[in-house]
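Structure at a glance
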Amino acid sequence: MKINRNLCDVCGTCVAVCPVDAIIVDEFKVTIDNEKCINCGNCVIVCPIKAISEEK
Ligand code: SF4
Ligand code: SF4
C-alpha cells in the first residue's frame, strides 16, 4: 500500500482499521509498513480523501 503524502492530512482514520497495525502515525506523517501489510484493503476504503492506493 502506498500513501500519497500530498493528499494525506494525517487524520488517523486508516490507523484504526488496520488489523495488523501496519500503519504508523506521528505528528507529521503516516507510514505503512509493507512488511506487515496483508493487503486487506481496509485503509484504502476508509480514507476520506483516497490518499491510499495499492502499490503496483
Ligand atoms: S491494506 Fe490492510 S493490512 Fe495493509 S496497511 Fe491497509 S489496513 Fe493495514
Ligand atoms: S485515512 Fe487517509 S488522510 Fe487519514 S491519515 Fe490515513 S491516509 Fe491520511
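Parameters at a glance
- Residues numbered from 1 in each chain as written.
- Chains lettered and ligands numbered in written order.
- Predicted model: local features only at pLDDT ≥ 70, side-chain atom pairs only at ≥ 80, totals over all residues.
- Heavy atoms only, no water.
- Helix = DSSP H or I, 4+ residues; strand = E, 2+ residues; numbered from the N terminus.
- Buried < 20%, exposed > 50% of the residue type's maximum accessible area, 1.4 Å probe, protein only.
- Contact = heavy atoms within 4.5 Å.
- Areas by Shrake-Rupley, 256 points an atom, 1.4 Å probe, with all protein chains shown as cover.
- Lys, Arg positive; Asp, Glu negative; His and termini not counted.
- Charge placed at Lys NZ, Arg CZ, Asp CG, Glu CD.
- Near = heavy atom within 4 Å.
- Nonpolar A, V, L, I, M, F, W, Y, C, P; charged D, E, K, R; others polar.
- Core = buried A, V, L, I, M, F, W, Y, C linked by side-chain atoms within 4.5 Å.
- Salt bridge = Lys/Arg side-chain N within 4 Å of Asp/Glu carboxyl O.

Attention now goes to the overall build of the protein chain. Within the protein chain, the regular secondary structure consists of 2 helices and 4 strands. Its helices and strands taken in sequence order, the protein chain reads β-α-β-β-α-β from the N to the C terminus. Reported as C-alpha extents along the three principal axes, the dimensions of the protein chain are approximately 25 × 20 × 15 Å. Counting across all 56 residues of the protein chain, residues that qualify as buried make up 25%. Residue pairs at least 24 apart in sequence account for 51% of intrachain contacts in the protein chain once pairs closer than 6 positions are excluded. A total of about 3,900 Å² of accessible surface is found on the protein chain, and carbon and sulfur atoms cover 52% of it. Distance between charge centres in the protein chain, computed from 6 positive and 8 negative side chains, equals 5 Å.

A separate point is the site of ligand 2. Every residue near ligand 2 is listed here: Cys-8, Asp-9, Val-10, Cys-11, Gly-12, Thr-13, Cys-14, Val-30, Cys-47, Pro-48, Ile-49 and Ile-52. Per-class residue counts for the shell around ligand 2 are 9 nonpolar, 2 polar and 1 charged.

To continue, consider the site of ligand 1. In the vicinity of ligand 1, 13 residues are found, and the nearest of them are Cys-18, Cys-37, Cys-40, Gly-41 and Cys-43. In the shell around ligand 1, the residues fall into 10 nonpolar, 3 polar and no charged.

Okay, the nonpolar core next. Grouped together as the largest cluster of nonpolar side chains are 11 residues: Met-1, Ile-3, Cys-14, Cys-18, Ala-22, Ile-23, Val-30, Ile-32, Cys-37, Cys-43 and Ile-52. For Val-30, the residues in contact, after removing those within four places along its chain, are Ile-3, Arg-5, Cys-8, Val-10, Cys-14, Ile-23, Ile-24 and Val-25.

Here we come to the environment of Leu-7. Within the secondary structure, Leu-7 is located in the loop between β1 (2–3) and α1 (13–17). The class for Leu-7 is partly exposed, based on a relative accessible area of 43%. Sequence separation of Leu-7 and Glu-54 is 47 residues, and the distance between their C-alpha atoms is 15 Å. When sequence neighbours within four positions are dropped, the list of residues in contact with Leu-7 reads Ile-49, Lys-50 and Ala-51.

Counted under the stated rule, the structure contains 1 salt bridge. Its salt-bridge partner being Asp-26, residue Lys-29 comes within 3.1 Å of it at the nearest N-O pair. Assessed through its relative accessible area of 35%, Lys-29 is described here as partly exposed. Judged by its relative accessible area of 36%, Asp-26 is partly exposed.

Summarising the element assignment, Lys-29 is placed in the loop between β2 (23–25) and β3 (30–32). Separated by 20 residues in the primary sequence, Lys-29 and Asp-9 place their C-alpha atoms 8.1 Å from one another. Setting aside residues no more than four positions away along its own chain, Lys-29 makes contact with Arg-5, Val-10 and Ile-24.

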